[in-house]
Amino acid sequence: YLELQGNVKTKQNVLIYPEMPGTLEKVLVKEGQKVYKGQVLARIDDGGMSNQLAQLEANAALAETTYQRQKRLWDQQIGSEIQYLQAKTNYLATKNSVEQLNKQLGKFQITAPFDGIIDNVFKDQGTVVAPGPGAEVFRIVNLDNMFIEADVPESYVTSITIDKAVEIQFPVLGT
């Protein structure tokens with residue numbers, strides 16, 4: 001037999017970075033915790049953007065009501081076409097703004113890209129984070145698709161075949 005040392009690896013081993021700058025308001029996971037795709041791992045302070053969204057949603061509701069009323073009047077041939085078109089444009093623009101702000105607010109949450117285990121938490125609650133190199137917040141790994149990689153001396157390459165039995169030991173685990 002041939003004794004070699006190798007490394008256990010996984011195809012899904014990812015560093016997770018924030019998409020928006022701000023203060024890490026809440027870290028919702030810890031090292032070793034199992035997480036699922038789409039699960040919120042942390043929240044970044046949005047700097048009052050959620051309050052802006054609430055105000056914009058109220059404006060959108062008013063714009064929709066105004067548009068619906070102008071549409072009813074226009075359908076009855078009451079009022080001017082310009083009033084109807086202005087109400088419609090205002091409603092669609094406000095609705096679009098709400099959707100855009102919702103998308104931006106979603107970037108203040110850091111989510112898991114796939115099912116896995118939190119291997120490392122690099123930043124603590126209260127830390128200021130921003131996108132870019134050195135700003136990783138978490139490392140997540142998927143332990144379902146692992147393999148062992150080892151360097152085999154050239155003189156033994158011909159004796160290795162597919163389905164050849166191997167014995168693997170993990171001294172650190174006592175096996």
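Scroll up to find the structure this text is about.
Summary of the structure given here. Since this is a predicted model, take the numbers as computed values, not measurements.

### What to know about the sheet that holds strand β9 (residues 138–141)
No. 1: Across the sheet, which stays open at both edges, the four strands sit in the order β2-β9-β7-β4 with antiparallel pairing between neighbours. Looking at the sheet topology across the chains shown, the edges are occupied by β2 (13–16) and β4 (34–35).
No. 2: As paired strands, β4 and strand β7 (residues 116–121) are joined by two bridges and run antiparallel to one another. Each residue of the ladder has a partner; that of V35, found in β7, is G116.

### What to know about the environment of L56
No. 1: Note that L56 resides in helix α1 (residues 49–75).
No. 2: Owing to a relative accessible area of 22%, L56 belongs among the partly exposed residues under this scheme.
No. 3: Residues L56 and V172, 116 residues apart in the sequence, show an inter-C-alpha distance of 57 Å.
No. 4: With residues up to four places along the chain from it excluded, the contact list for L56 reads T94, S97, V98 and L101.

### Some points on helix α2 (residues 81–106)
No. 1: Over its 26 residues, α2 runs 38 Å from end to end, which matches the ideal 38 Å to within 8%, given 1.5 Å per residue.
No. 2: Every buried residue of α2 is accounted for by Y84, A87, Y91, T94, V98, L101 and L105.
No. 3: Along its buried surface, α2 packs onto α1 and β6 (109–111).

### Here we look at the pattern of salt bridges
No. 1: Enumeration according to the criterion identifies three salt bridges in this entry.
No. 2: Salt-bridge contacts for E149 lead to K9; the nearest nitrogen and oxygen are separated by 3.0 Å. Within this pair, whereas E149 is found in strand β10 (residues 146–150), its partner K9 is found in strand β1 (residues 6–10), the two being separated by 140 residues in sequence.
No. 3: Among the ionic pairs, D119 bridges to R139, the shortest N-O distance being 3.5 Å. With a gap of 20 residues between them, D119 in strand β7 and R139 in strand β9 connect regions that are remote in the sequence.
No. 4: When its relative accessible area of 39% is taken as the criterion, D119 is described as partly exposed.
No. 5: By relative accessible area, which is 24% here, R139 ends up partly exposed.

Each value, and the rule that gives it
- Residues numbered from 1 in each chain as written.
- Predicted model: local features only at pLDDT ≥ 70, side-chain atom pairs only at ≥ 80, totals over all residues.
- Heavy atoms only, no water.
- Pairing = 2+ DSSP bridges.
- Helix = DSSP H or I, 4+ residues; strand = E, 2+ residues; numbered from the N terminus.
- Buried < 20%, exposed > 50% of the residue type's maximum accessible area, 1.4 Å probe, protein only.
- Contact = heavy atoms within 4.5 Å.
- Expected span 1.5 Å × (residues − 1).
- Salt bridge = Lys/Arg side-chain N within 4 Å of Asp/Glu carboxyl O.

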